[in-house]
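Take a look at the letters that make up each chain.
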Amino acid sequence: YTEAKNQMSNFDPISGDILVAGVAGNSDALLQARKNNFSPRFGFNYLLDQKTVIRGGYGINYSPENDGREDFLTKNLPWANQQSISNNVYAGPPFAYQDDVGVTRSTAINIPSSGKISPATLPDGTLVTTYYVNPTMKTGYSQMYNLTVQRQLGNSLSLEAGYVASLSHHLSYQLGDINYNSTTGKDGLIAPDLGVLQELTDLGDGNYNSLQMKFTKRESRNLSFLLSYTYSHNLDNGAAPFDAGVNNDLPQDPKNL
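The structure contained in this document is the topic of the report that follows.

Procedures and definitions
- Residues numbered from 1 in each chain as written.
- Predicted model: local features only at pLDDT ≥ 70, side-chain atom pairs only at ≥ 80, totals over all residues.
- Heavy atoms only, no water.
- Salt bridge = Lys/Arg side-chain N within 4 Å of Asp/Glu carboxyl O.
- Helix = DSSP H or I, 4+ residues; strand = E, 2+ residues; numbered from the N terminus.
- Buried < 20%, exposed > 50% of the residue type's maximum accessible area, 1.4 Å probe, protein only.
- Contact = heavy atoms within 4.5 Å.

1. Focus: the pattern of salt bridges
All chains considered together, the criterion is met by 2 salt bridges. In this structure, arginine 151 and aspartate 49 form a salt bridge, with 3.4 Å as the shortest nitrogen-oxygen distance. Linking arginine 151 in strand β7 (residues 140–152) with aspartate 49 in strand β3 (residues 41–49), this pair joins segments that are 102 residues apart in sequence. Of the charged contacts in the structure, one is a salt bridge between glutamate 160 and lysine 214, with a shortest N-O distance of 3.9 Å. Of this pair, glutamate 160 sits in strand β8 (residues 157–177) while lysine 214 sits in strand β11 (residues 197–220), placing them 54 residues apart in sequence. Take lysine 214: its relative accessible area is 33%, and that puts it in the partly exposed class.

In structure tokens, the structure reads:
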């Protein structure tokens, strides 16, 4: 994903700088495109006898959720900044709030020609959240498969039982504040001149297993019905990016999952 006017930036843990998209050789996306997302799928039907059918299928499906937070990097400097405003008229300039007037919004955006912003030059770098997306993160995918047996029980009755499952890897994972130093109880572990450093990467995994049953009666004598039941179990190692932190489900130590 790119932004129409390149108004994105990403933290670079190697240099410690914030890189601005499309400036001084920085790519527009600030992420490496994935070009090997091969997604084969196949299925089969086998007639065991005149009343029994065995069906199966397998496929790999990719989730764009890894890049679904395309606004993640638009919330970084220089496109987002912190402005302190006082509603005390005696506080005086530079930001004295006036009734029915408010405060003039700062529209000056300093885009460095070098394409880099050094956190050491920021007067309030430790007070704002900086967002970091792993530039080499993979696209999340799921291997989905099923094996089902269907049996005809009468002229209009059939019973179906199937094993339906999926294995998911490289799902997007919003880790939390990777700049937090548990020893000191303060930010600054990775970038001393920055505060909260929120990372999004591809460490999510999950698996789903289920028994799915269906009892069907085709319409006859003005009666038809469908009864279904699913017994399933789902397990993963982290919340989706949009849900992370809502129920305190972020890891205690994002550097030691």
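2. Thoughts on the environment of leucine 147
By secondary structure assignment, the location of leucine 147 is in strand β7. Expressed as a C-alpha distance, the spacing of leucine 147 and valine 164, which sit 17 residues apart in the sequence, is 6.7 Å. In contact with leucine 147, other than residues within four places in its own chain, are Phe44, Ile54, Arg55, Gly56, Ala161, Gly162 and Tyr163.

Without other data, these values stay purely geometric and don't point to any function.
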